[in-house]
Amino acid sequence: MTLSAPGPSRNLPQYGALIAVLLANWLLFPDFFAIRLQDGRLFGSLIDVLNRGAPVALLAIGMTMVIATRGVDLSVGAVMAISGAVAATMTGAGWGLPAVLAASLAAGLLCGLWNGLLVAVLRIQPIIATLILMVAGRGIAQLVTEGQIVTFTSPALAFIGGGSFLTVPMPVVITIALLAVTALLVRATALGLMIEAVGVNRLSSAGAGVNTPVVLVAVYVWCGLCAAVAGLIVTADIRGADANNAGLWLELDAILAVVVGGTSLLGGRFGLVLSVVGALIIQAMNTGILLSGFKPEFNLIVKAGVLLVVLLLQSPTLTLFLPRPKGARPMGTVKPPVAPTSGGAKP
Amino acid sequence: MSRKWVISAATAAAALFIGLGAVQAADAKKLVVGFSQIGSESGWRAAETKTAKTEAEKRGIDLKISDAQQKQENQIKAVRSFVAQGVDAIFIAPVVATGWDSVLKEAKEAKIPVMLLDRQIETKDQSLYMTAVTSDTVHEGRVAGEWLAKKTGGKCAVVELQGTVGSSPAINRKKGFDEVVAKNPGMKIIRTQSGDFTRAKGKEVMESFIKAENGGKDICAVYAHNDDMAVGAIQAIKEAGLKPGKDILVVSIDGVPDIFKAMSEGEANATVELTPNMAGPAFDALIAYKKDGKMPPKWIQTESKLFTPDTAKEEYERRKDAY
């Protein structure tokens, strides 16, 4: 991975936090880094962090693009529930894996298209536009499953959640693949620059010739797709679609991952890899809390405390008082991109 | 007073009288019960509604169900509309414990008995409802614990998957189980965490427990506050290369079809049923009350029955359509 122009210190809070949380887990639980093979699949707490972090990491990939356009997508959790419900119900009805995958990914694309049209064409504020699907989507998923947990036994679909490729769990493989494809799309083309431009100033980027409605619809569609993939993984993992709980509140974790990753909610610069790192920080904390033996009442407090520290390290006001290497600039400030690749890290 | 007015008034009165007579005649034949249901947030809840319908049919009762979609305001509206319709009794599965007093007073003034299903309410005036049909969630935990103590001879290192932190079934099911653990010095809860009553979280928490306890070798049993978390835990145990039901015993509460399926496959060991038939006992109490004015007890406790793999296959067949 190469780091972008402003120097490695820009990414320091994120990587530092991830390493610190992992080390803290290791101190609490000495076998944290122990990895062995179990039924041809890597097995260990560190693998759990990657595996369990995959759904939020996937959501964060899509969410990063949306947030870079100064938007937000609150519906991703509900879209997960819909895609999972479609997958499990169709599998139960005897459809083959290709049809199931196509249908549930199409459901995600459709949800994204709906959000995109509301935001780009009808110009409804993203938080409100996506709130509609956040509320309605879970209802749609419940209609699909008829209010039940639809279980299935198909090993083909279960493979997406529980299988492995070269000993690496499938959710991790899928996340890396989607991250690579997304990074290629936005960094190898001008798309990333256009997304940042729309996020900084929609009007002037339109004036400069960017087809802003198309860019906006594209990011919401991509976000819907990422959510559908995450929904498939979660459903395949428990071999059942739980429309009430699949992806519940995960939109918040995804937004948090993006923000922890250093992408500003005010749009513009974004870092895809850093958002995934943000998701891993959150999951490493979750796994650490489970391993530590703390009482469950402390879960949220510990999580909030660590997040506060990570976000404080990024605070523009606070970083002014911290010694920092030359060339680094404080995080979270909104500045128009100075160069096409000024935003974030490149994979 | 004009003659016309008198005639029309008389006609109206006659019509009203005949109408009332008709209603009363219908009453004698068929009881009408309004049921304000919370919603259909879980498989169990859907089963409760379904069972209420079949139990009403069995007894020839006309059951009107109103789905509140998890909102108390909808339940209050439903109760008011039942009062306006003049039903014979109102069943409520209250979504929250407080805020019922004023609407229940309206029902009381209309002399319509109110029965609570599945959950209790908090009120100073106990006369606002006739009876509550609920299970004893502390007892459920106790039954699960006693089974495990008996099965393992009172020696077992247990990991516990709690329900949502702060929810009353989670608190009570823990309490009942803890009572049994306290009585058996050989029993110990070595890890306890919240799995939020869901499969996904149950699986994730169990994965960590297994790693934290020497690859699962130090765990004798997992006690889950509901079956869904147990189903998730079973998958985690399998993926760790252990045998659920043998290497690690699995005991949980609720009695949903999927746990019976797991039991019939030898992957779970026991479940304590939370019966979805809350309406049946309420109907019986209502019929007895209407017949000879017999007041039911304030609390009708449903049975917390333990099921083991012996009967799992038949139970699964019996249940899979009810849920």
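Analysis parameters
- Residues numbered from 1 in each chain as written.
- Chains lettered and ligands numbered in written order.
- Predicted model: local features only at pLDDT ≥ 70, side-chain atom pairs only at ≥ 80, totals over all residues.
- Pairing = 2+ DSSP bridges.
- Helix = DSSP H or I, 4+ residues; strand = E, 2+ residues; numbered from the N terminus.
- Right-handed = clockwise from strand over helix to strand, strands pointing away.
- UniProt positions renumbered as here; feature names shortened; annotations may be inferred.
- Core = buried A, V, L, I, M, F, W, Y, C linked by C-beta atoms within 7 Å.
- Buried ≥ 20, exposed ≤ 12 C-beta atoms within 10 Å, placed from the backbone.
- Contact = placed C-beta atoms within 7 Å.
- pLDDT = per-residue confidence, 0-100.
- Domains from an automatic or database assignment.
- Axes fitted to C-alpha atoms, helices over the stretch in contact; angles between N-to-C directions.
- Parallel < 35°, antiparallel > 145°, perpendicular 65-115°, else oblique.
- Left-handed = near helix turned anticlockwise from the far one by under 90°.
- Nonpolar A, V, L, I, M, F, W, Y, C, P; charged D, E, K, R; others polar.
- Expected span 1.5 Å × (residues − 1).

(A) Fine view of the pairing of strand S2 (residues 62–67) of chain B. Residues and elements named next belong to chain B. In terms of strand pairing, strand S1 (residues 32–37) meets S2 through 6 bridges, oriented parallel. Directly across from Val33, in S2, lies its bridge partner Leu63. A crossover links S1 with its parallel partner S2, the connecting element being helix H2 (residues 43–58), and its sense is right-handed.

(B) A look at the UniProt feature "domain: Periplasmic binding protein" (unreviewed entry) in chain B. UniProt tags residues 33–280 of chain B as "domain: Periplasmic binding protein" (unreviewed entry). Along residues 33–280 of chain B one finds 43% helix and 21% strand; the C-alpha atoms at either end are 12 Å apart.

(C) The nonpolar core, seen in detail. Ranked by size, the top nonpolar core spans 158 residues in total, and within it Leu59, Ala60 and Cys226 of chain A together with Ala233 of chain B carry the most contacts. For this core, the element with the most residues is helix H10 (residues 212–238) of chain A, which contributes 20 residues. If near-sequence neighbours (up to four positions away) are discounted, Ala60 of chain A is found in contact with Ala254, Ala257, Val258, Ser275, Val276, Gly278 and Ala279 of chain A. Ala56, Ala78, Phe91 and Ala279 of chain B belong to the second largest nonpolar core, which has 36 residues in total.

(D) How the structure looks around the confidence of the model for chain B. Residues and elements named next belong to chain B. On average, residues of chain B score 90 in pLDDT, and 91% of them are at 70 or above. By mean pLDDT, helix H1 (residues 3–29) is the weakest element of chain B at 53, and strand S8 (residues 221–224) is the strongest at 98. Between residues 19–27, whose pLDDT stays under 50, and residues either more than four places distant or in other chains, the model counts 1 contact. Interface confidence in the predicted complex, given as ipTM, is 0.87; pTM for the same model is 0.85.

(E) Local environment of the UniProt feature "transmembrane region" (unreviewed entry) in chain A. Residue and element names in this part refer to chain A. Using the residue numbers shown here, the UniProt feature "transmembrane region" (unreviewed entry) corresponds to residues 12–29, 49–69, 117–137, 214–234, 246–266, 273–294 and 300–322. In this annotation, residues 12–29 is assigned 94% helix and 0% strand; the end-to-end C-alpha distance for the span is 25 Å. With 95% helix and 0% strand, the stretch residues 49–69 has end C-alpha atoms that lie 29 Å from each other.

(F) Region of the structure containing the sheet that holds strand S7 (residues 187–194) of chain B. Residue and element names in this part refer to chain B. Spatial ordering of the open sheet is given by S7-S6-S8-S9-S10-S12, a layout of 6 strands whose pairing is mixed. The open sheet has two edge strands, S7 and strand S12 (306–307), and neither has a second partner. Where strand S6 (residues 156–162) lies against S7, 7 bridges are found, and the strand directions are parallel. Each bridged residue has a counterpart across the sheet, and for Glu160 the counterpart in S7 is Thr192.

(G) Spotlight on the interface of chain A and chain B. Taken together, the contact pairs 27 residues of chain A with 27 residues of chain B. Listing elements by their share of the side of chain A that touches chain B, those giving two or more residues are helix H2 (45–68), strand S3 (149–151), H10, strand S6 (240–242) and helix H12 (272–292) of chain A.

(H) Spotlight on the pairing of S1 of chain B. All names here are of chain B. With 5 of 6 residues buried, S1 lies mostly within the body of the structure. Examined bridge by bridge, S1 and strand S3 (residues 89–92) share 4 bridges and lie parallel to one another. Paired with Val33 across the strands is Ala89, a residue of S3.

(I) Quick peek at the domain arrangement of chain B. Taken domain by domain, chain B holds domain 1 (31–135 + 277–292) and domain 2 (137–274 + 308–319). Here the C-alpha centre of domain 2 of chain B lies 32 Å away from the C-alpha centre of domain 1 of chain B.

(J) Fine view of the packing of helix H4 (residues 97–120) of chain A against helix H5 (residues 126–145) of chain A. Residues and elements named next belong to chain A. The geometry of H4 relative to H5 is characterised by a closest axis approach of 8 Å and an angle of 150 degrees between their N-to-C directions. The orientation of H4 relative to H5 falls into the category roughly antiparallel. Crossing hand, H4 versus H5: right-handed. Contacts between H4 and H5 pair Cys111, Trp114, Asn115, Leu118 and Val119 from the former with Pro126, Ala129, Thr130, Leu133 and Gly137 from the latter. Looking at the contact of H4 with H5, its residues break down into 7 nonpolar, 3 polar and no charged.

(K) Examining H12 of chain A more closely. Residues and elements named next belong to chain A. Its 21 residues give H12 an end-to-end C-alpha distance of 30 Å, which sits within 8% of 30 Å, the value for a rise of 1.5 Å per residue. Taken across its 21 residues, H12 has 20 buried, putting it largely inside the fold. Of the residues flanking the end of H12, it is Gly293, one or two places downstream, whose phi is positive at about 85 degrees.

(L) Layout of the environment of Leu133 of chain A. All names here are of chain A. With respect to the helices and strands, the residue Leu133 is situated in helix H5. With 23 C-beta atoms packed within 10 Å, Leu133 lands in the buried category. C-alpha separation for the pair Leu133 and Thr287, spaced 154 residues apart in sequence, amounts to 30 Å. Among all residues touching Leu133, those that are not within four sequence positions of it are Ser75, Ala78, Cys111, Trp114 and Asn115.

(M) Region of the structure containing the environment of Ala24 of chain A. Residues and elements named next belong to chain A. Relative to the elements of secondary structure, Ala24 occurs in helix H1 (residues 12–28). The class of Ala24 is partly exposed, set by 16 C-beta atoms lying within 10 Å. Between the C-alpha atom of Ala24 and that of Met80, which follows or precedes it by 56 residues, the distance is 31 Å.

(N) Representation of the packing of H1 of chain A against H12 of chain A. Residues and elements named next belong to chain A. Packing of H1 against H12 brings their axes to within 9 Å, and their N-to-C directions diverge by 15 degrees. Between H1 and H12, the interaxial angle falls into the category roughly parallel. The element H1 and its partner H12 pack so that their crossing is left-handed. Facing Gln14, Tyr15, Ala17, Leu18, Val21, Leu22, Ala24, Asn25 and Leu28 of H1, the residues of H12 in contact are Leu274, Val277, Gly278, Leu280, Ile281, Ala284, Met285, Thr287, Gly288, Leu291 and Ser292. Broken down by class, the residue content of the contact of H1 with H12 amounts to 14 nonpolar, 6 polar and no charged.

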